[in-house]
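Architecture and fold: a report
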Amino acid sequence: MSNTAPLGTATAPHGSNAPYDVMRVRQDFPILSRLVHEKPGRPGKPLVYLDNAASAQKPRQVIDAMSRLLEEDYANVHRGVHFLSQRSTDLYEATRDKVAAFLNAPSRENIVFTRNATEAINLVAQSWGGKHLKAGDTVLLSHMEHHANIVPWQLLRDRIGIGIKVVPVLDDGALDMDAYADMLTDDVKLVAITHASNVLGTVNPAREIVRLARAKDKTVLLDGSQAAVHMPVDVQSIDPDLYVFTGHKLYGPTGIGALYGRKEVLDSMPPYQGGGDMISTVTFEKTTYREAPYRFEAGTPPIIEGVGLGAAIDYVKEIGMDAIMAHEQRLLAHAMDRLADIEGLRLIGTAPGKAAIISFTIDGIHPHDIGTLLDRAGVAVRVGRHCTEPLMERFGVGATARASFGLYNTEDEAAMLADAVRAAKDFWG
Amino acid sequence: MFDDLRDLYQEVILDHGKNPRNFGKPASFNRTARGDNPMCGDKITVYLTVGEDGIIQDAGFDGRGCAISQASASLMTEILKGKPVKEAEALFGSFHDMCTKDDEEWTDHGPVDPDAMDKLQVMSGVREFPMRVKCATLAWHTMNAAVHGEAVTSTENAAF
């Protein structure tokens, strides 16, 4: 076996002009062929996995890339002078280039590895916020933020006394851009808003958000956890100061995410955690730190997960984010169509151009019960508050059921969701 | 499609879930606590009137939740009326065991009314649904917090 084979190079599911071959794509995901709820005397049900917004399944290419690293090339990175350490380092660092290319970042130096999007936001809050914000300054969030983009700012508020303001969400789930423009007052130093909502599916006008903020010298952080998996993201075109996403929603492993930062912004930020690779020199009197992005990567990094993320990026790029987006939009339209005439079903989030995420409630059945019923039909959805408690309050619901689609879902599965919802309603009586 | 779910969603549960008994904040009470299940967003408040003799004279609840949590609260409030606080605590322990353990593994939490346990048996289907145990026990955790004078409890703090 060759030691120089590029890891995680996906085999082409289809050519650039071929129709989207979802059945071919599905063959890459071993888990999709398993049955669920199989017991002696009871046949299992095919898995209809519609919980992609929580975490996506992994293609064999990602699994293989991680296995191959462990079997052939694994050692600690950035330290050893020996063969495997060099090999591991090269493979791990190759992912930095892949992430940079994936986001169209100007350089690999713009990419900081983190454990996940949540850690990336916490890094920004503690490092950038701790340095650049002071009591009386305001961070502007939106009403559709995930808790991961609320709580880090509250922690900072409690530490240094910043204010938090919230841009409202319209009834269809769109961000109130008029209110946003009005809320860019002098005290606002940072705008931290999600690129796409994990509940509503709303895709926020990222470029416009940045343009308006930049005109008033605000720094902008976008949470791309949901956007980066559903559509192409070009940070040079959108031009945020900071952008975060996570690997496990992008068909990669858990434990690895990334923070993109404009060079000046990253350069202005002090270390986040101390130890290991972020250091230039240490004495007991004084430590000097490395340049960004390495300054923010303390300790042994998630090497295996990093290589897995690289393979995942290869995989989605091979299919093409445009093709994935178009496929998911077809699924969304199909599912919305099939769900539309179910009596008592309320859609939360109907903004134009939304991503393939459908949150709903059904009169008389609590979302938790919907979740259990759909699960027994083989349909995996998320139920609850989706780590967006303020958004639930905004729409006057305690919780919702949420079906979220990924690149391997089919129109049949969208139909099965609707069929299972109907059957659940019948069962409930 | 859902035949085997009848173990979980028995008719009694569906009935209590849709038409919970003792629902609403009573005019008077002297013990209360709020319970949260942060995972699903369920919130309930339990209201008790406990006499000087330690007997629960009245029990009610309000809040929102799934059929399992509403039915559990509804059944609980029916059962608790007229029972000493001490027995309510024992029932909580036994009910908790019923929802989480096989029969032979139950701990002795003190004497309980066998009729009450028979009635609660309808909830035991959650044993097969570990994700739903918190739904079934939320009301009981809340009741337990109320009698111990804690204003707010959360299933996240409970080792269930």
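The rules we used
- Residues numbered from 1 in each chain as written.
- Chains lettered and ligands numbered in written order.
- Predicted model: local features only at pLDDT ≥ 70, side-chain atom pairs only at ≥ 80, totals over all residues.
- Heavy atoms only, no water.
- Contact = heavy atoms within 4.5 Å.
- Buried area = accessible area lost by both parts, 1.4 Å probe.
- Salt bridge = Lys/Arg side-chain N within 4 Å of Asp/Glu carboxyl O.
- Axes fitted to C-alpha atoms, helices over the stretch in contact; angles between N-to-C directions.
- Helix = DSSP H or I, 4+ residues; strand = E, 2+ residues; numbered from the N terminus.
- Parallel < 35°, antiparallel > 145°, perpendicular 65-115°, else oblique.
- Left-handed = near helix turned anticlockwise from the far one by under 90°.
- Nonpolar A, V, L, I, M, F, W, Y, C, P; charged D, E, K, R; others polar.
- Buried < 20%, exposed > 50% of the residue type's maximum accessible area, 1.4 Å probe, protein only.
- Pairing = 2+ DSSP bridges.
- Core = buried A, V, L, I, M, F, W, Y, C linked by side-chain atoms within 4.5 Å.
- pLDDT = per-residue confidence, 0-100.
- Phe/Tyr/Trp six-rings, centres within 6.5 Å; stacked < 30°, edge-to-face > 60°.
- Lys NZ or Arg CZ within 6 Å of the ring centre and 35° of its normal.
- Disulfide = S-S within 2.5 Å.
- Polar contact = N/O pair within 3.5 Å; in protein donor to acceptor, adjacent residues only side chain to side chain.
- Expected span 1.5 Å × (residues − 1).

Turning our attention to the interface of chain A and chain B. Facing the 23 residues of chain A at the interface are 26 residues of chain B. The junction of chain A with chain B conceals about 2000 Å² of combined surface from both sides, 57% of it contributed by carbon and sulfur atoms. Along the contact surface separating chain A from chain B lie four salt bridges. In this structure, Lys39(A) and Glu128(B) form a salt bridge, with 4.0 Å as the shortest nitrogen-oxygen distance.

With that settled, the discussion passes to the packing of helix α12 (residues 321–340) of chain A against helix α15 (residues 411–428) of chain A. Residues and elements named next belong to chain A. Orientation of α12 relative to α15, taken along the N-to-C sense of each, is 25°, at an axis distance of 9 Å. Compared by their axis directions, α12 and α15 come out roughly parallel. You can see that α12 and α15 cross each other, and the crossing is right-handed. Contacts between α12 and α15 involve Arg 330, Leu 331, His 334, Ala 335, Arg 338 and Leu 339 from the first element and Glu 411, Ala 414, Ala 415, Leu 417, Ala 418, Asp 419, Val 421 and Arg 422 from the second. For the contact of α12 with α15, the class distribution of residues is eight nonpolar, one polar and five charged.

With that settled, consider the pairing of strand β14 (residues 357–362) of chain A. Residue and element names in this part refer to chain A. Taking burial as the measure, the six residues of β14 include six buried ones, the bulk of the element. Alternating positions in β14 separate into two faces, Ile 357, Ser 359 and Thr 361 on one and Ile 358, Phe 360 and Ile 362 on the other, with burial throughout. Pairing between strand β13 (residues 345–348) and β14: four bridges, direction antiparallel. The residue bridging Leu 347 from the neighbouring strand is Phe 360, located in β14. Across four bridges, β14 lies against strand β17 (residues 400–404) in antiparallel orientation. Along β17, the bridge assignment pairs Phe 360 with Ala 401.

One finds Phe405(A), Leu417(A), Tyr9(B), Leu48(B), Ile68(B), Leu80(B) and Met143(B) to be the most contacted residues of the largest nonpolar core, which totals 80 residues. Residue contributions to this core peak at 10 residues, all from helix α5 (residues 133–147) of chain B. Setting aside residues up to four positions removed in sequence, Ile68(B) forms contacts with Asp369(A), Leu8(B), Tyr9(B), Ile13(B), Met123(B), Val126(B), Arg132(B), Cys135(B) and Ala136(B). Among the nonpolar cores identified, the runner-up in size contains 78 residues, and Phe29(A), Leu47(A), Leu91(A) and Ile348(A) belong to it.

On to the sheet that holds strand β4 (residues 111–114) of chain A. Residues and elements named next belong to chain A. Across the sheet, which stays open at both edges, the seven strands sit in the order β4-β10-β9-β8-β7-β5-β6 with mixed pairing between neighbours. Edge strands, defined here as strands with exactly one partner in the open sheet, are β4 and β6 (163–167). Shown here is a sheet whose adjacent strand axes are inclined to one another by a mean of 20°, direction ignored. Where strand β7 (residues 188–194) meets strand β8 (residues 219–223), five bridges bridge the pair, whose relative direction is parallel. Pairing of Leu 190 across the sheet is with Thr 219, part of β8.

Turning to the confidence of the model for chain B, a few remarks are in order. Residues and elements named next belong to chain B. Per-residue pLDDT for chain B averages 90, and the proportion of residues at 70 or more is 94%. Between the elements of chain B, mean pLDDT differs from a low of 68, seen in strand β4 (residues 152–154), to a high of 96, seen in helix α2 (residues 67–80). Scoring the predicted complex yields pTM 0.91 and, for the interface, ipTM 0.85.

On to the packing of aromatic side chains. Considering all chains together, one arrives at 13 aromatic pairs over all chains under this definition. A ring pair is formed by Phe95(B) and Trp140(B), whose centres lie 5.0 Å apart and whose planes are at 25°; its orientation type is stacked. With Phe95(B) in helix α3 (residues 85–100) and Trp140(B) in helix α5, this pair connects stretches of sequence that are 45 residues apart. For Trp140(B), a relative accessible area of 0% puts it in the buried group. The structure contains a cluster of three or more aromatic residues connected by ring pairs, namely Phe29(A), Tyr251(A), Tyr315(A) and Tyr408(A). Above the ring of Phe395(A), the side-chain terminus of Arg394(A) is found at 4.6 Å from the ring centroid.

Take the state of the cysteines next. Residue and element names in this part refer to chain B. The final tally for this structure, using the stated rule, is zero disulfides over all chains. Free of any disulfide, Cys 66 has its nearest cysteine sulfur in Cys 135, 3.8 Å distant. Given the relative accessible area of 0%, Cys 66 is considered buried. Its relative accessible area of 1% is what places Cys 135 among the buried residues.

Now for the side chain of Thr246(A). Residue and element names in this part refer to chain A. Mapped onto the elements of the fold, Thr 246 is located in strand β9 (residues 242–246). Judged by its relative accessible area of 3%, Thr 246 is buried. Apart from residues lying up to four places away in sequence, Thr 246 is in contact with Asn 116, Ala 117, Ile 256 and Gly 257.

All names here are of chain A. Examined against the element boundaries, Ser 225 turns out to sit in the loop between β8 and α8 (227–230). One polar contact links Ser 225 to Asp 223, side chain to side chain, over a distance of 2.6 Å. Discounting residues that sit within four places of it in the chain, Ser 225 has contacts with Ala 117, Val 244, Phe 245 and Lys 249.

Residue and element names in this part refer to chain A. One way to put it is that helix α2 (residues 60–73) packs onto helix α11 (residues 303–319) with a least axis distance of 8 Å and a crossing angle of 145°. Here the hand of the crossing between α2 and α11 comes out right-handed. Residues Gln 61, Val 62, Ala 65, Met 66, Leu 69 and Leu 70 of α2 lie in contact with α11, whose contacting residues are Ile 303, Ile 304, Glu 305, Val 307, Gly 308, Ala 311, Ala 312 and Tyr 315. For the contact of α2 with α11, a count of residues per class yields 11 nonpolar, two polar and one charged.

Once that is clear, we can look at α12(A). Spanning 20 residues, α12(A) covers 28 Å between terminal C-alpha atoms, matching the ideal 28 Å at 1.5 Å per step. If you check which residues of α12(A) are buried, you get Met321(A), Ile324(A), His327(A), Glu328(A), Leu331(A), Leu332(A), Ala335(A), Met336(A) and Leu339(A).

Residue and element names in this part refer to chain A. A sheet is described by the order of its strands in space; here four strands give the open sequence β13-β14-β17-β16, paired in antiparallel fashion. Whereas interior strands pair on both sides, the edge strands pair on one side only; in this sheet they are β13 and β16 (382–384). Averaged over all pairs of adjacent strands, the angle between their axes in this sheet comes to 30°, without regard to strand direction. Inspection of the sheet shows β16 paired to β17 by three bridges, in the antiparallel sense. In the sheet register, Val 383 faces β17, and the bridge partner there is Ala 401. Contacts from α12 reach β13 and β14 within the one sheet, and its direction differs from that of β14 by about 15°.

Glancing now at the pattern of salt bridges. Following the criterion strictly, the structure yields 37 salt bridges over all chains and no others. Among the salt bridges present, the one from Glu93(A) reaches Arg96(A), with a minimum N-O distance of 2.7 Å. In this pair, Glu93(A) and Arg96(A) both sit in helix α3 (residues 83–102), three residues apart, roughly one turn of the helix. Taken as a pair, Glu93(A) and Arg96(A) share a single burial class, namely buried. Residues Lys43(B) and Glu389(A) are paired through a salt bridge, measuring 3.6 Å at the closest nitrogen-oxygen approach. Remark: Glu389(A) occurs in helix α14 (residues 389–394) and Lys43(B) occurs in strand β2 (residues 42–50); the pair is interchain, linking two chains. Owing to a relative accessible area of 23%, Lys43(B) belongs among the partly exposed residues under this scheme. Taking the relative accessible area as the measure of exposure, Glu389(A) reaches 27% and is therefore partly exposed. Here the salt bridges share partners, and the residues they tie into one network are Glu93(A), Arg96(A), Asp97(A), Arg108(A) and Glu297(A).

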